[in-house]
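What follows is the residue order along each chain.
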Amino acid sequence: MDNFGELLHGFSIAITVPHLVLMVVGVLLGILVGVLPGLGAPNGVSLLLPLTFGMQPVSAIILLSSMYWGALFGGSVTSILFNIPGEPSSVATTFDGYPMARDGRPTTALATAFGSAAFGALVGVILITFLASWVAQVALAFGPAEYFAVYFLAFASFVGMGGAAPSKTLVALAIGFAIAAIGIDTVSGSVRLTMGVDELVKGVNFVVAVMGLFGIGELLVAVEEEFHARAVSTKIEWREVFRAIGRLPRHSVALLRSAAIGCWMGITPGGPTAASFMSYGIARRFSRRGKYFGAGEVEGIISPETADHAAGTSALLPMLSLGIPGSATAAVMMGGLMIWGLNPGPMLFVDQKDFVWGLIASMYVGNIVAVALVLLTVPVFAALMRIPFVIIAPLIVIICVVGAYSVSNSYLDVVMMLGFGIVGYLFKKLFYPLAPLVLAIVIGDKAEDAFRQSMLMSKGSLGIFFANKLVTCLIVAGITLLLLPLVLQLPRLWRKPASAATGTTAQEKAQETAQETAREKVII
Amino acid sequence: MGRTSTFLLSAAAILLAGTMPALSAWQPQKPIEFVATAGPGGGTDNLARAVQNIITKHKLTEQPVVVVNKGGGSGAEGYVYGKASAGDPYKVIFGTSNAWQQPLVSKVAFNYTDLTPIAAMAQDEFLLWVKQDSPFKTAGDYLKAAASGEFKMGGAQSKDTDEVLTRMIEKAGHVKMTYIPFKSGAEAAVQLAGGHLDSHVNNPSESLGQWRGGTQRPLCVFSPKRLPQGAKITATEGWGDVPTCVEQGLDIKQYEQPRTVWLPGKVTPDQAAFYIDLMKKVQATPDWKDYIEKSSQIDTFLTGTEFDNFIKEDLERVRLVAGEQGWLVK
């Protein structure tokens, strides 16, 4: 229990008045950049970075990491209320969070999201505290083949478990991969699919894609269907905040499973985005209420949020111990470490004990501060849902346009975002699932790089994916998840000819089709 | 002769304009945008932010400076942006030798001639790294072993500085290697620590932590003389203890990556002179020394003809390798 002593020492550094003030300031700024269009955690942290140059490294990292926690929480707000995910990792939160908010329960949705996110973060920190050295070893075992296997697993868990027609899922995936391929290819260095537009060499930014697909796409559908949000009670619902938190333990299975997935994906280099998608996909499969997912299910919010924060938190460990940033924000912080004169790597834990354990202790305290502050803001944010649609609709357009523009101050991004809006609308109208498309845009190029690096290493032999126990397990798990739904379908296929023989009445058939359509509508 | 002297004269004029705080000289009237042709956290981004910080701290200009990242397409995004901003003296582009190397090997929509060179401000060295427990003690051992089996060399990006150096090693050492491109040198360093690669050619700052942590060690540095001693990195060794590659029989005398600063094309000489002067002032501060030391780079300042000549020499070298490898784009 060496680590425990170190942790106590860390708390003595983290719990001092100046550091607590820094945490509150950091979290509040974080919530602000998380909620504001297009800013997001990486930008917020890099804006703040120059201010920290004169500070003690511990104080600086406490400020920046608190801002990160605040931004992560803040990012869920726009996902739930307006269907605009600010970070790749909060896309999966929109699937059930937004329907629930639209259904007149924004307070429940927000409180559930925050509560489960805090739980996920806590599990992540505990893991870092007690398994630091072991975790660092696990991460080292990951070469390109293992990376690919992890991404494959993420795709498989989502595709295999998705509710949409497999052919439509495949089409969505393929389009996503094509979009991810735009720009410079890491492995060959050549420019791909820029279609004569010079600026496209930078590739398609994720934020631009999701703002269009979700924000604008949803808006277009809503306009057409004469969107009316259910009446939201005008009272500030403090009690509902606590009730939603109080209900969380009932979903302990989902919480624990999602936290486990999150930690695993955070340590292995899958990252928070893959974690939240995977967790959502698996929850939909195994939850008793899985078929209602997509219509505002509590576990549909818990699963991605818990996994996202567990992964986001545990991903800081590889950054500290190995110098691999798990996310864009971690990369900025790593740049900060170097400017403060610290070198991320295995020696950090030996040379800079105060820094490392001060940071870890501040992760406990910072997350508690963050969740307390965001819970206080829930009624305020929930009240936004009471604003009439005619006012909120132009506001969403403004958020999306400003957000897309501020990604890299480019008009092209705004045009692309609007284009994605139309794609999103068409996908919804034609019952194509958006999730596989987004997943492919976000991790498609990483999966491709990993696959081709593996092929370079093995000189083209697929044997590299079965070369050791770790990679074999991952690949087999992926294939199993991919084929599971097919296997489960088999008995039904056997039964079908039998029921056809006995003859179904036309009425029954009509009922079935109606159910099918209802279910398809539920699929995002 | 006539041309050379005008060249020298204009260079001298720029230098003079830079050193003299002439009253008529151009001054910025609105906020200045620093464009880092790399993502947040990369070496180029760190440089841009360090310069921004120094300018703000020492009030070297009245106008505020903001840093934006345009690192898409291995930096091409930032250079294309610079090209599109022709005539705008409020955009300063921070990059590397990518500015002239990338157009050679991929069909990007810019060339370094679309930009106005300001200066090369710092040089990153390259070293040959192996895993800590690898049996090789010298570059000679390494090459001998590499001759009998195809080694896996990792690096950042494809057909970029790391791969060019790898191909140069192949040629100088008469070996054949498999080059595996990653997104960054930091990624390659972790892959080496995990034993998935045989070696990489990272800059000092990219692998400093890994060396201290005892996961990998440098065999030699691609530099004409040993690096300055500085503080000890491990218990027994510092940068100055790393032998040069030439000493160890790997005949590549010099290979460096400059950090470069540019303005968009079609700016006036006055405007260029203002920024050259600004960068010189930045370089004179103790904070700059601090930054150079912490990032383990070499302090340098090339501008005017010196910088032009540097680019030309480097282009020749890269063109040679790229031509042999069949990378050149038509």
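## Here's the deal with the overall build of chain A
- Of the regular secondary structure elements, chain A holds 22 helices and two strands.
- Here chain A holds 524 residues, and the buried ones make up 60% of them.
- Across chain A, every contact between residues at least 6 apart in sequence was considered, and the portion connecting residues at least 24 apart equals 81%.

## A look at the overall build of chain B
- Looking only at helices and strands, one finds 11 helices and 11 strands in chain B.
- Computed over the C-alpha atoms, the radius of gyration of chain B is 20 Å, within 12% of the 20 Å expected from 2.2 N^0.38 for a compact globule of 330 residues.
- Projected onto the principal axes, the alpha-carbon positions of chain B cover approximately 65 × 45 × 40 Å.

## Here's the deal with the interface of chain B and chain A
- The interface is formed by 49 residues belonging to chain B together with 45 residues belonging to chain A.
- Secondary structure elements with two or more residues in the side of chain B that touches chain A: α2 (43-57), α3 (76-84), β7 (177-182), α7 (185-193) and α8 (204-212) of chain B.
- Broken down by class, the residue content of the side of chain B that touches chain A amounts to 15 nonpolar, 22 polar and 12 charged.

## Here we look at the environment of Gly336 of chain A
Residue and element names in this part refer to chain A.
- Mapped onto the fold, Gly336 is located in helix α15 (residues 328-339).
- Along the backbone, Gly336 and Ala310 are 26 residues apart, and their C-alpha atoms lie at a distance of 23 Å.
- If we ignore the near neighbours within four places in the chain, the residues touching Gly336 are Leu49, Thr52, Ala60 and Leu64.

## A closer look at the sheet that holds strand β2 (residues 65-69) of chain B
Residues and elements named next belong to chain B.
- Taken in spatial order, the six strands make up an open sheet running β2-β1-β3-β10-β4-β11, and their pairing is mixed. Every other strand in the sheet has two partners, leaving β2 and β11 (298-302) as the edge strands with one partner each. Sheet twist, expressed as the mean angle between neighbouring strand axes with direction ignored, is 20°.
- Packed on one face of the sheet, helix α11 (residues 304-325) meets β4 (115-125) and β11 and runs near 70° to β4.

## A short note on the sheet that holds strand β9 (residues 216-221) of chain B
Residues and elements named next belong to chain B.
- Strand order in the open sheet made by the five strands is β7-β6-β8-β5-β9, with mixed pairing throughout. What marks the edges here is a single partner per strand, and that holds for β7 and β9.
- Sheet topology note: the strand β5 (residues 127-131)/β9 ladder contains five bridges and is antiparallel. By the bridge assignment, Val130 is partnered in β9 with Arg217.
- Running at roughly 100° to β9, helix α5 (residues 139-148) makes contact with β5, β6 (151-156), β7 and β9 of the sheet.

## Concerning the confidence of the model for chain A
All names here are of chain A.
- Of the residues in chain A, 89% have a pLDDT of 70 or more, and the chain-wide mean is 83.
- Across chain A, helix α19 (residues 411-429) holds the top mean pLDDT of 94, while helix α22 (residues 506-522) sits lowest at 47.
- Taken as a whole, residues 500-506 scores under 50 in pLDDT and shows two contacts with residues more than four places along the chain or in a different chain.
- Ignoring residues within four places in sequence, the model shows residues 512-524, a span with pLDDT below 50, making 14 contacts including any to other chains.

## Here we look at unusual backbone geometry
- Although it is not a glycine, Leu193 of chain A sits at a positive phi angle of roughly 50°.
- Mapped onto the secondary structure, Leu193 of chain A falls in the loop between β2 (191-192) and α9 (206-224).
- With 15 C-beta atoms counted inside 10 Å, the residue Leu193 of chain A sits in the partly exposed group.
- Not every positive phi belongs to a glycine, and Lys59 of chain B is a case in point at roughly 50°.
- As for its placement among the helices and strands, Lys59 of chain B is situated in the loop between α2 and β2.

## A closer look at the pairing of β4 of chain B
Residues and elements named next belong to chain B.
- Extensive coverage of β4 is indicated by the burial of 10 of its 11 residues.
- Two strands pair when backbone bridges link them, and β4 and strand β10 (residues 256-264) are joined in this way by nine bridges, in the antiparallel orientation. Of the residues in β10, the one forming a bridge with Pro117 is Trp262.
- Pairing analysis gives three bridges linking β4 to β11, with the strands arranged antiparallel. Of the residues in β11, the one forming a bridge with Ala122 is Asp299.

## Concerning α7 of chain B
- Burial of α7 of chain B is extensive: nine of the nine residues sit out of reach of the surface.
- One or two positions beyond α7 of chain B, positive phi appears at Gly195 of chain B, with a value near 80°.

## Examining the packing of α9 of chain A against helix α18 (residues 389-408) of chain A
All names here are of chain A.
- Where α9 meets α18, the axes come as close as 10 Å, and the angle between the chain directions of the two elements is 170°. Overall, the two elements α9 and α18 adopt an arrangement that is roughly antiparallel. Residue-level inspection shows Val207, Val208, Met211, Gly212, Gly215, Ile216 and Leu219 of α9 in contact with α18, the latter providing Ala393, Ile396, Val397, Ile399, Cys400, Gly403, Ala404 and Val407.
- Residue classes in the contact of α9 with α18 are distributed as 12 nonpolar, three polar and no charged.

## Points about helix α6 (residues 161-173) of chain B
Residue and element names in this part refer to chain B.
- For α6, with 13 residues, the first-to-last C-alpha span of 18 Å sits near the 18 Å given by 1.5 Å per residue.
- Burial runs high along α6: 10 of the 13 residues are buried.
- Listed in full, the buried residues belonging to α6 are Thr161, Asp162, Glu163, Val164, Leu165, Thr166, Arg167, Met168, Ile169 and Gly173.

## Section: the packing of α9 of chain A against α19 of chain A
All names here are of chain A.
- Interaxial distance between α9 and α19 falls to 6 Å at its minimum, and their mutual angle equals 50°. Classified by the angle their axes make, α9 and α19 are oblique. Crossing of α9 over α19 shows right-handed handedness. Counted together, Val208, Ala209, Met211, Gly212, Leu213, Phe214, Ile216, Gly217, Leu220 and Val221 of α9 and Asp413, Met416, Met417, Leu418, Gly419, Phe420, Gly421, Val423, Gly424, Tyr425 and Lys428 of α19 form the full contact between these two elements.
- Within the contact of α9 with α19, the residues separate by chemical class into 14 nonpolar, five polar and two charged.

## Some words on the confidence of the model for chain B
Residues and elements named next belong to chain B.
- Counting all residues, the mean pLDDT for chain B is 89, and 92% of those residues have values of 70 or more.
- When the criterion is pLDDT under 50, residues 13-23 qualifies, and its contacts beyond four places in sequence or with other chains add up to 12 contacts.
- As a predicted assembly, this complex carries a pTM of 0.84 together with an ipTM value of 0.85.

What counts and how
Residues numbered from 1 in each chain as written. Chains lettered and ligands numbered in written order. Predicted model: local features only at pLDDT ≥ 70, side-chain atom pairs only at ≥ 80, totals over all residues. Helix = DSSP H or I, 4+ residues; strand = E, 2+ residues; numbered from the N terminus. Buried ≥ 20, exposed ≤ 12 C-beta atoms within 10 Å, placed from the backbone. Contact = placed C-beta atoms within 7 Å. Rg over C-alpha atoms; globule rule 2.2 N^0.38 Å. Nonpolar A, V, L, I, M, F, W, Y, C, P; charged D, E, K, R; others polar. Pairing = 2+ DSSP bridges. Axes fitted to C-alpha atoms, helices over the stretch in contact; angles between N-to-C directions. pLDDT = per-residue confidence, 0-100. Parallel < 35°, antiparallel > 145°, perpendicular 65-115°, else oblique. Expected span 1.5 Å × (residues − 1). Left-handed = near helix turned anticlockwise from the far one by under 90°.

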